[in-house]
Amino acid sequence: MTNKVVIANFKMNKTIRDTKEYIAELIPLITTSKVVVGICPPFTAIKSAEHKLKATNILLGAQNMHVEDKGAYTGEVSGEMIKEAGASFVILGHSERRSIYKENNILINKKIKKALKLGIKIVLCVGESLAERGQDKTEEVLNVQLSEGLKDVYANEMGNIIIAYEPVWSIGTGKVPTNEQIAQAMQNIKDTIKKLYNAQIANSTIVLYGGSVNENNSKDIASIKGVSGALVGGASLDAKKFAKIISNFS
Ligand code: PEP
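Residues numbered from 1 in each chain as written. Predicted model: local features only at pLDDT ≥ 70, side-chain atom pairs only at ≥ 80, totals over all residues. Heavy atoms only, no water.

Student: Just checking my understanding: could you explain the overall build of the protein chain for this structure?
Tutor: Check the secondary structure of the protein chain and you find eleven helices and eight strands. Over its C-alpha trace the protein chain gives a radius of gyration of 17 Å, about what one expects of a compact globule, namely 18 Å for 250 residues. Reported as C-alpha extents along the three principal axes, the dimensions of the protein chain are approximately 45 × 45 × 35 Å. Burial analysis of the protein chain (250 residues in total) assigns 51% to the buried set. Here the contacts in the protein chain between residues at least 6 apart in sequence split such that 71% fall between residues at least 24 apart. Here the protein chain has roughly 12,100 Å² of accessible surface; of this, 52% comes from carbon and sulfur atoms. Between the mean site of the 32 positive side-chain charges and the mean site of the 25 negative ones, the protein chain shows a separation of 4 Å. (Helix = DSSP H or I, 4+ residues; strand = E, 2+ residues; numbered from the N terminus. Rg over C-alpha atoms; globule rule 2.2 N^0.38 Å. Buried < 20%, exposed > 50% of the residue type's maximum accessible area, 1.4 Å probe, protein only. Contact = heavy atoms within 4.5 Å. Areas by Shrake-Rupley, 256 points an atom, 1.4 Å probe, with all protein chains shown as cover. Lys, Arg positive; Asp, Glu negative; His and termini not counted. Charge placed at Lys NZ, Arg CZ, Asp CG, Glu CD.)

Below is the structure:
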(Lines give C-alpha, C1' and ligand atoms only; values in the text may rest on other atoms or scores of the structure.)
Protein backbone atom coordinates (compact mmCIF):
# COMPACT_ATOMS: atom_id res chain seq x y z
CA MET A 1 0.00 0.00 0.00
CA THR A 2 1.32 3.44 -0.88
CA ASN A 3 1.66 6.08 1.79
CA LYS A 4 -0.93 8.81 2.14
CA VAL A 5 -0.01 12.33 1.07
CA VAL A 6 -1.05 15.45 2.99
CA ILE A 7 -0.10 18.88 1.65
CA ALA A 8 -0.42 22.34 3.19
CA ASN A 9 -1.25 25.28 0.94
CA PHE A 10 -0.52 28.48 2.87
CA LYS A 11 -1.89 30.67 0.04
CA MET A 12 -0.88 34.32 0.67
CA ASN A 13 -0.23 33.73 4.36
CA LYS A 14 2.93 33.60 6.48
CA THR A 15 6.07 35.67 6.20
CA ILE A 16 9.55 34.13 6.19
CA ARG A 17 9.65 34.35 9.96
CA ASP A 18 6.13 32.85 10.36
CA THR A 19 7.08 29.98 8.06
CA LYS A 20 10.26 29.22 9.99
CA GLU A 21 8.39 29.26 13.30
CA TYR A 22 5.64 27.07 11.83
CA ILE A 23 8.15 24.46 10.61
CA ALA A 24 9.91 24.41 13.98
CA GLU A 25 6.54 23.78 15.64
CA LEU A 26 5.38 21.20 13.09
CA ILE A 27 8.43 18.92 12.97
CA PRO A 28 8.12 17.45 16.48
CA LEU A 29 4.34 17.10 16.10
CA ILE A 30 4.68 14.66 13.18
CA THR A 31 4.81 11.25 14.77
CA THR A 32 4.01 9.04 11.78
CA SER A 33 6.16 7.96 8.86
CA LYS A 34 3.11 6.62 7.00
CA VAL A 35 2.17 10.00 5.57
CA VAL A 36 4.15 11.96 2.99
CA VAL A 37 3.89 15.58 4.13
CA GLY A 38 4.37 18.63 1.92
CA ILE A 39 4.12 22.34 2.59
CA CYS A 40 3.66 25.16 0.09
CA PRO A 41 4.61 28.54 1.56
CA PRO A 42 4.55 31.78 -0.46
CA PHE A 43 7.46 32.21 -2.93
CA THR A 44 9.34 34.51 -0.55
CA ALA A 45 9.54 31.87 2.19
CA ILE A 46 10.55 28.86 0.07
CA LYS A 47 14.31 29.30 0.41
CA SER A 48 14.29 29.73 4.18
CA ALA A 49 11.83 26.84 4.52
CA GLU A 50 14.30 24.70 2.58
CA HIS A 51 16.98 25.31 5.23
CA LYS A 52 14.57 24.46 8.04
CA LEU A 53 13.38 21.26 6.33
CA LYS A 54 16.82 19.92 5.46
CA ALA A 55 17.00 17.15 8.03
CA THR A 56 13.35 16.10 7.55
CA ASN A 57 11.27 14.15 5.04
CA ILE A 58 8.83 17.03 4.61
CA LEU A 59 8.55 18.05 0.96
CA LEU A 60 8.60 21.64 -0.14
CA GLY A 61 6.39 23.00 -2.90
CA ALA A 62 5.38 26.25 -4.57
CA GLN A 63 1.81 27.42 -5.11
CA ASN A 64 2.28 28.44 -8.73
CA MET A 65 4.88 29.14 -11.43
CA HIS A 66 4.92 31.05 -14.69
CA VAL A 67 4.80 29.15 -17.93
CA GLU A 68 7.78 30.92 -19.53
CA ASP A 69 11.43 30.47 -18.56
CA LYS A 70 12.23 34.19 -18.34
CA GLY A 71 11.35 37.56 -19.80
CA ALA A 72 9.21 40.66 -19.39
CA TYR A 73 6.59 39.26 -17.01
CA THR A 74 6.64 41.75 -14.15
CA GLY A 75 5.81 40.15 -10.84
CA GLU A 76 6.05 36.58 -12.05
CA VAL A 77 8.27 33.67 -10.95
CA SER A 78 9.51 30.88 -13.23
CA GLY A 79 9.78 27.13 -12.68
CA GLU A 80 13.56 27.35 -12.65
CA MET A 81 13.32 29.99 -9.89
CA ILE A 82 11.06 27.94 -7.60
CA LYS A 83 13.29 24.93 -8.18
CA GLU A 84 16.41 26.90 -7.33
CA ALA A 85 14.70 28.15 -4.17
CA GLY A 86 14.11 24.55 -3.10
CA ALA A 87 10.64 23.55 -4.32
CA SER A 88 10.39 19.98 -5.60
CA PHE A 89 6.75 20.29 -6.60
CA VAL A 90 4.22 22.93 -7.60
CA ILE A 91 0.45 23.29 -7.25
CA LEU A 92 -1.10 23.99 -10.66
CA GLY A 93 -4.70 24.64 -11.66
CA HIS A 94 -5.83 25.75 -8.20
CA SER A 95 -9.35 27.13 -8.44
CA GLU A 96 -8.17 30.52 -7.13
CA ARG A 97 -5.72 30.70 -10.05
CA ARG A 98 -8.46 29.58 -12.44
CA SER A 99 -11.06 32.07 -11.19
CA ILE A 100 -9.09 35.13 -10.03
CA TYR A 101 -6.26 34.95 -12.59
CA LYS A 102 -8.33 33.43 -15.39
CA GLU A 103 -6.00 30.47 -15.92
CA ASN A 104 -7.55 28.01 -18.34
CA ASN A 105 -6.83 24.37 -19.12
CA ILE A 106 -4.60 25.28 -22.07
CA LEU A 107 -2.31 27.42 -19.90
CA ILE A 108 -2.37 24.89 -17.06
CA ASN A 109 -1.37 22.18 -19.55
CA LYS A 110 1.56 24.31 -20.75
CA LYS A 111 2.67 24.88 -17.15
CA ILE A 112 2.44 21.13 -16.44
CA LYS A 113 4.66 20.35 -19.41
CA LYS A 114 7.14 23.03 -18.40
CA ALA A 115 7.28 21.72 -14.83
CA LEU A 116 7.83 18.16 -16.08
CA LYS A 117 10.64 19.37 -18.32
CA LEU A 118 12.29 21.03 -15.32
CA GLY A 119 11.90 17.95 -13.12
CA ILE A 120 9.34 19.60 -10.85
CA LYS A 121 6.51 17.36 -9.63
CA ILE A 122 2.93 18.61 -9.90
CA VAL A 123 -0.25 18.68 -7.85
CA LEU A 124 -2.96 19.32 -10.44
CA CYS A 125 -6.19 20.68 -8.94
CA VAL A 126 -9.53 19.93 -10.56
CA GLY A 127 -13.08 20.47 -9.38
CA GLU A 128 -16.53 21.72 -10.21
CA SER A 129 -18.27 24.94 -9.19
CA LEU A 130 -21.54 24.90 -7.25
CA ALA A 131 -23.48 25.79 -10.40
CA GLU A 132 -21.82 22.94 -12.30
CA ARG A 133 -22.67 20.48 -9.54
CA GLY A 134 -26.24 21.82 -9.54
CA GLN A 135 -26.44 21.12 -13.26
CA ASP A 136 -25.09 17.60 -12.73
CA LYS A 137 -21.94 18.47 -14.67
CA THR A 138 -19.31 17.35 -12.15
CA GLU A 139 -18.19 14.32 -14.15
CA GLU A 140 -17.99 16.33 -17.37
CA VAL A 141 -16.00 19.15 -15.72
CA LEU A 142 -13.49 16.71 -14.20
CA ASN A 143 -13.19 14.93 -17.52
CA VAL A 144 -12.46 18.14 -19.46
CA GLN A 145 -10.06 19.56 -16.84
CA LEU A 146 -8.10 16.30 -16.80
CA SER A 147 -8.05 15.58 -20.52
CA GLU A 148 -7.12 19.15 -21.46
CA GLY A 149 -4.77 19.62 -18.49
CA LEU A 150 -2.92 16.37 -19.22
CA LYS A 151 -2.87 16.75 -23.01
CA ASP A 152 0.38 15.35 -24.44
CA VAL A 153 1.59 14.29 -21.00
CA TYR A 154 3.16 10.88 -21.53
CA ALA A 155 2.23 7.79 -19.54
CA ASN A 156 5.75 7.57 -18.12
CA GLU A 157 5.42 11.11 -16.73
CA MET A 158 2.23 10.41 -14.77
CA GLY A 159 4.19 9.21 -11.73
CA ASN A 160 5.21 12.86 -11.30
CA ILE A 161 1.64 14.12 -11.12
CA ILE A 162 -0.76 14.02 -8.18
CA ILE A 163 -4.39 14.99 -8.77
CA ALA A 164 -6.28 17.00 -6.14
CA TYR A 165 -10.07 16.90 -6.33
CA GLU A 166 -11.15 20.29 -4.98
CA PRO A 167 -14.80 21.20 -5.45
CA VAL A 168 -14.69 24.99 -5.80
CA TRP A 169 -17.74 25.41 -3.53
CA SER A 170 -15.95 23.63 -0.72
CA ILE A 171 -12.71 25.63 -0.71
CA GLY A 172 -12.55 27.87 2.33
CA THR A 173 -16.31 27.61 2.92
CA GLY A 174 -16.59 24.93 5.60
CA LYS A 175 -18.90 23.02 3.22
CA VAL A 176 -17.74 19.48 2.54
CA PRO A 177 -19.32 17.15 -0.02
CA THR A 178 -20.87 13.94 1.29
CA ASN A 179 -18.62 10.91 1.45
CA GLU A 180 -20.57 9.47 -1.49
CA GLN A 181 -19.99 12.61 -3.57
CA ILE A 182 -16.25 12.49 -2.84
CA ALA A 183 -16.05 8.76 -3.60
CA GLN A 184 -17.93 9.31 -6.86
CA ALA A 185 -15.57 12.12 -7.92
CA MET A 186 -12.56 9.93 -7.07
CA GLN A 187 -14.03 7.21 -9.27
CA ASN A 188 -14.69 9.68 -12.10
CA ILE A 189 -11.09 10.86 -11.93
CA LYS A 190 -9.72 7.30 -11.96
CA ASP A 191 -12.03 6.41 -14.88
CA THR A 192 -10.83 9.40 -16.89
CA ILE A 193 -7.17 8.59 -16.22
CA LYS A 194 -7.84 5.01 -17.26
CA LYS A 195 -9.35 6.26 -20.53
CA LEU A 196 -6.47 8.68 -21.12
CA TYR A 197 -3.76 6.15 -20.16
CA ASN A 198 -4.49 2.69 -18.75
CA ALA A 199 -5.80 0.87 -15.68
CA GLN A 200 -2.38 0.53 -14.08
CA ILE A 201 -1.74 4.29 -14.24
CA ALA A 202 -5.28 4.98 -13.00
CA ASN A 203 -4.65 2.71 -10.01
CA SER A 204 -1.28 4.14 -9.16
CA THR A 205 -2.15 7.84 -9.55
CA ILE A 206 -2.48 9.52 -6.16
CA VAL A 207 -5.72 11.49 -5.86
CA LEU A 208 -6.14 13.88 -2.94
CA TYR A 209 -9.29 15.52 -1.64
CA GLY A 210 -9.20 19.26 -0.89
CA GLY A 211 -11.90 21.59 0.41
CA SER A 212 -12.45 22.57 4.06
CA VAL A 213 -10.46 19.63 5.42
CA ASN A 214 -9.83 20.16 9.12
CA GLU A 215 -8.70 18.37 12.27
CA ASN A 216 -12.26 17.18 12.98
CA ASN A 217 -13.42 15.86 9.59
CA SER A 218 -10.11 14.46 8.29
CA LYS A 219 -10.41 11.00 9.85
CA ASP A 220 -13.74 10.48 8.12
CA ILE A 221 -12.45 11.87 4.80
CA ALA A 222 -9.38 9.61 5.04
CA SER A 223 -11.66 6.57 5.13
CA ILE A 224 -13.35 7.36 1.80
CA LYS A 225 -12.59 4.92 -1.01
CA GLY A 226 -10.11 6.38 -3.49
CA VAL A 227 -8.89 9.22 -1.25
CA SER A 228 -5.09 9.02 -0.98
CA GLY A 229 -4.63 12.14 1.09
CA ALA A 230 -5.54 15.80 1.34
CA LEU A 231 -4.66 19.26 0.12
CA VAL A 232 -5.34 21.58 3.02
CA GLY A 233 -5.69 25.36 2.94
CA GLY A 234 -7.09 27.18 5.98
CA ALA A 235 -6.57 24.46 8.59
CA SER A 236 -2.95 23.94 7.51
CA LEU A 237 -2.00 27.41 8.79
CA ASP A 238 -2.04 26.15 12.37
CA ALA A 239 0.77 23.61 12.89
CA LYS A 240 -1.17 21.75 15.59
CA LYS A 241 -4.28 21.39 13.42
CA PHE A 242 -2.20 20.37 10.43
CA ALA A 243 -0.34 17.77 12.51
CA LYS A 244 -3.68 16.35 13.68
CA ILE A 245 -4.83 16.08 10.05
CA ILE A 246 -1.58 14.28 9.17
CA SER A 247 -2.10 11.85 12.02
CA ASN A 248 -5.73 11.27 10.95
CA PHE A 249 -4.45 10.16 7.55
CA SER A 250 -1.89 7.73 8.97
C1 PEP B 1 -7.10 24.92 -0.93
O2 PEP B 1 -6.86 26.11 -1.00
O3 PEP B 1 -6.54 24.14 -1.71
C4 PEP B 1 -8.03 24.44 0.07
C5 PEP B 1 -8.41 23.20 0.02
O6 PEP B 1 -8.48 25.36 0.99
P7 PEP B 1 -9.33 25.07 2.33
O8 PEP B 1 -8.74 23.86 2.99
O9 PEP B 1 -9.20 26.29 3.14
O10 PEP B 1 -10.74 24.81 1.88
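Continuing now.
Student: Any chance you could explain the packing of helix H1 (residues 16-29) against helix H11 (residues 239-248) here in plain terms?
Tutor: Angle between the axes and distance between the axes are the two parameters that describe a pair of packed helices. Relative to each other, H1 and H11 sit at 35°, their axes nearing to 9 Å. Seen along the crossing, H1 lies across H11 with a hand that is right-handed. Where H1 abuts H11, its residues Tyr22, Glu25, Leu26 and Leu29 lie against Ala239, Lys240, Phe242, Ala243 and Ile246. A per-class count over the contact of H1 with H11 returns seven nonpolar, no polar and two charged. (Axes fitted to C-alpha atoms, helices over the stretch in contact; angles between N-to-C directions. Left-handed = near helix turned anticlockwise from the far one by under 90°. Nonpolar A, V, L, I, M, F, W, Y, C, P; charged D, E, K, R; others polar.)

Student: What is the right way to read unusual backbone geometry from this model?
Tutor: With the exception of glycine, most residues fall at negative phi, and the peptide bonds are largely trans. Phi angles above zero are rare outside glycine, and lysine 102 is one such case at about 55°. One can find lysine 102 in the loop between helix H4 (95-100) and helix H5 (105-118). Taking the relative accessible area as the measure of exposure, lysine 102 reaches 65% and is therefore exposed.

Student: Sorry, what's going on with the layout of surface pockets here?
Tutor: Empty space left among the atoms is revealed by rolling a probe the size of a water molecule over them. Roughly 500 Å³ of internal volume is contained in the largest pocket. Residue lining of the largest pocket: 16 residues in total, with Lys11, Met12, Gln63, Arg97 and Tyr101 positioned closest to the centre. Per-element accounting of the lining of the largest pocket gives the leading share, three residues, to H4. Among the residues forming the lining of the largest pocket, the class breakdown is seven nonpolar, five polar and four charged. Quantified by volume, the second largest pocket comes out at close to 320 Å³. As for the second largest pocket, its lining consists of 20 residues, of which Val5, Lys121, Gly159, Ile162 and Ile206 are closest to the centre. At the level of secondary structure, the elements contributing two or more residues to the lining of the second largest pocket comprise strand E1 (4-9), strand E2 (35-40), strand E5 (121-126), strand E6 (161-165) and helix H9 (199-204). Broken down by class, the residue content of the lining of the second largest pocket amounts to twelve nonpolar, seven polar and one charged. (1 Å grid on protein atoms, 1.4 Å probe; cavity = no way out; pocket = protein on both sides within 12 Å on 5 of 7 lines; lining within 4 Å. Points joined across faces, edges and corners; volume = space filled by probe spheres on them.)

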